[in-house]
Amino acid sequence: MPPDSLLPPLPVRAPLPLHGHGTVLDVVIPVHNEEDDLEACVRRLHAHLTATFPYGFRITVADNASTDRTPEVSALLDDSLDEVTAVRLEEKGRGRALRTVWSMSGAPVLAYMDVDLSTDLNALLPLVAPLISGHSDLAIGTRLAGGSRVVRGPKREFISRAYNALLRTGLAARFSDAQCGFKAVRKDVAERLLPLVEDSGWFFDTELLVLAERAGLRIHEVPVDWVDDPDSSVHLVRTATEDLRGVWRVGRALATGALPLDRLRRPFGDDPRDRAVAGVPRGLARQVLGFCAVGVLSTGFYLALYSLLRAVTGPQEANAAALLLSALANTAANRRLTFGVRGRDRAVRQQAQGLVVFAIGLALTSGSLAALHEAGGSPSHGAELSVLITANLAATVLRFLLLRAWVFPVDRTTTPGPVATAAAASTTSTASTTASAAASAPATRNDR
């Protein structure tokens, strides 16, 4: 794989140029101490691809530090089947095995599947077809889609659904199944994506998908038929602990803007969302949903703070302190989640603007409280909360409008990535060339 700094930008999505590629698909099977299942798995996969796959393929057995007869079985398969290659790694880690083989492979489509073949192989061609056609950048099998048919125990079902729910809430992931061992990626995408993925174990898949999704790459999901392997050697507690650490690490990197995701974006205009439509504010629907989600959490945080502070101080003081703290958290959350602003640029200024919006909310809620006490003398705590909720709803609408139009306006927060900048430079260059041609045109006519 060439150095990441020397790679050209990702081009506009297009069908893969398959002419001249003897091997279109490289399916990697990462294994560790799988002497019993490996030969049957590879021969079954080889027979399926020979019968159904219309292009050249290779099966790569990535043996990562096995201590049983797995290396001998891999070598035997390498010798007996032309399309099978055995690779030996001296360190464990599924992610390490995939990174190594995918980096060395020359196939334009890279895939992997677990050695137990829990996923029905009829989903393999639908998995890679969107990558070959140019429709998608990555593809995953999902056991959680409506059309999937899954056989597994309640324990693994609960763990899988809980983990994917954690990804949706903690990392705002939109793909449905991060852990199904049945995935594929285009080689040109993998070349740019793999250097950003730190994990070398079981979290490798999740990190790969989260970064791809955040960069705007398209992930195709294929509902699969899947049967649990009761003899799986995965250590659930250790794997879950490592996954939680990975979620925290990736979430922190995304929140601070530490990852250079711009290098993964397709050229401006490749995504239909890049095309402005007259009279339709860009991103409004998504921003409203994000703002509502942040608002619900902020309101709960605010009410909890107010209730705690009200026990030790007066209503006005409790309201001001609770509103101030929740406003700071609200501005930070909306900055990242609702309006997609990354990094620290203008963060202090935007927080200051957010405090102005807070002052307006404070005036509304404090005025409502004052009016309540003037009208009712000594209102109950429940009455105070009811008035505050109503006032906050009015302040929320105003807050969204101010955040969108003043604090995080699109023209100020949208920073063109390197591809967009290159496009702008190209446009400038084209304009300069046109001007030069126009300037030289009279002389050319005079020569004639």
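What you are looking at is a predicted structure, and each value in this text was computed from that prediction instead of being measured. (Residues numbered from 1 in each chain as written. Predicted model: local features only at pLDDT ≥ 70, side-chain atom pairs only at ≥ 80, totals over all residues. Heavy atoms only, no water.)

A.B. asks: Give me the nonpolar core: which residues, what numbers.
C.D. replies: Judged by nonpolar contacts, the single largest core of 42 residues is most densely connected at Trp-102, Leu-138, Leu-167, Phe-175, Leu-193, Leu-211 and Leu-217. Elements with a minimum of two residues in this core: strand 3 (84–89), helix 3 (94–104), strand 4 (109–113), strand 5 (138–142), helix 5 (154–170), helix 6 (187–193), helix 7 (204–214) and helix 8 (236–256). The element contributing the most residues to this core is helix 7, with six residues. Beyond its immediate chain neighbours, meaning those up to four positions away, Phe-175 contacts Ile-140, Leu-167, Leu-209, Val-210, Glu-213, Ile-219 and Glu-221. With 39 residues, the next largest nonpolar core counts Ile-59, Val-84, Ala-111 and Leu-121 among its residues. (Core = buried A, V, L, I, M, F, W, Y, C linked by side-chain atoms within 4.5 Å. Buried < 20%, exposed > 50% of the residue type's maximum accessible area, 1.4 Å probe, protein only. Helix = DSSP H or I, 4+ residues; strand = E, 2+ residues; numbered from the N terminus. Contact = heavy atoms within 4.5 Å.)

A.B. asks: Outline the side chain of Arg-94, supporting the account with residue identities and numerical values.
C.D. replies: By the element assignment, Arg-94 lies in helix 3. Among the residues examined, Arg-94 registers a relative accessible area of 9% and is labelled buried. Those residues in contact with Arg-94, other than ones at most four positions away along the chain, are Pro-30, Asn-64, Tyr-112, Asp-114, Ser-200, Gly-201, Trp-202 and Asp-205.

A.B. asks: Quick rundown of helix 3? Include the residues and the values.
C.D. replies: Taken together, the buried positions of helix 3 are occupied by Arg-94, Gly-95, Ala-97, Leu-98, Val-101 and Trp-102. For helix 3, the angular spread of the buried residues around the axis is 160°, confining them to a single face. (Arc of directions from axis to C-beta.)

A.B. asks: How would you sum up the environment of Cys-292? Please name residues and give values.
C.D. replies: By secondary structure assignment, the location of Cys-292 is in helix 9 (residues 284–310). Taking the C-alpha atoms as reference points, Cys-292 and Val-397, 105 residues apart in sequence, are found 9.9 Å from one another.

A.B. asks: Explain the side chain of Asn-64 residue by residue, including any values.
C.D. replies: Here Asn-64 shows up in strand 2 (residues 57–64). The class of Asn-64 is buried, set by a relative accessible area of 4%.

A.B. asks: Hey, could you go over the packing of helix 10 (residues 315–338) against helix 12 (residues 381–407) for me, with residue numbers and the actual values?
C.D. replies: Two numbers describe how helix 10 lies on helix 12: the axes approach to 13 Å, and their chain directions differ by 35°. In the packing of helix 10 onto helix 12, the handedness of the crossing is right-handed. Counting all contacts with helix 10, which are made through Pro-315, Asn-319, Leu-323, Asn-330 and Asn-334, the residues of helix 12 involved are Glu-384, Leu-388, Asn-392, Arg-399 and Leu-403. When its residues are assigned to classes, the contact of helix 10 with helix 12 shows four nonpolar, four polar and two charged. (Axes fitted to C-alpha atoms, helices over the stretch in contact; angles between N-to-C directions. Left-handed = near helix turned anticlockwise from the far one by under 90°. Nonpolar A, V, L, I, M, F, W, Y, C, P; charged D, E, K, R; others polar.)

A.B. asks: So what about a nonpolar patch on the surface? Which residues, and what values?
C.D. replies: On the surface, a cluster of nonpolar side chains totalling about 380 Å² of accessible area is made up of Phe-301, Leu-324, Leu-325, Leu-328 and Leu-355. Residue contributions to the nonpolar patch peak at three residues, all from helix 10. One can find Leu-324 in helix 10. (Patch = residues over 30% accessible without salt bridge, like charges linked within 9 Å, V, L, I, M, F, W, Y side chains within 5 Å. Areas by Shrake-Rupley, 256 points an atom, 1.4 Å probe, with all protein chains shown as cover. Salt bridge = Lys/Arg side-chain N within 4 Å of Asp/Glu carboxyl O.)

In short, shape yes, function no, at least from these values alone.
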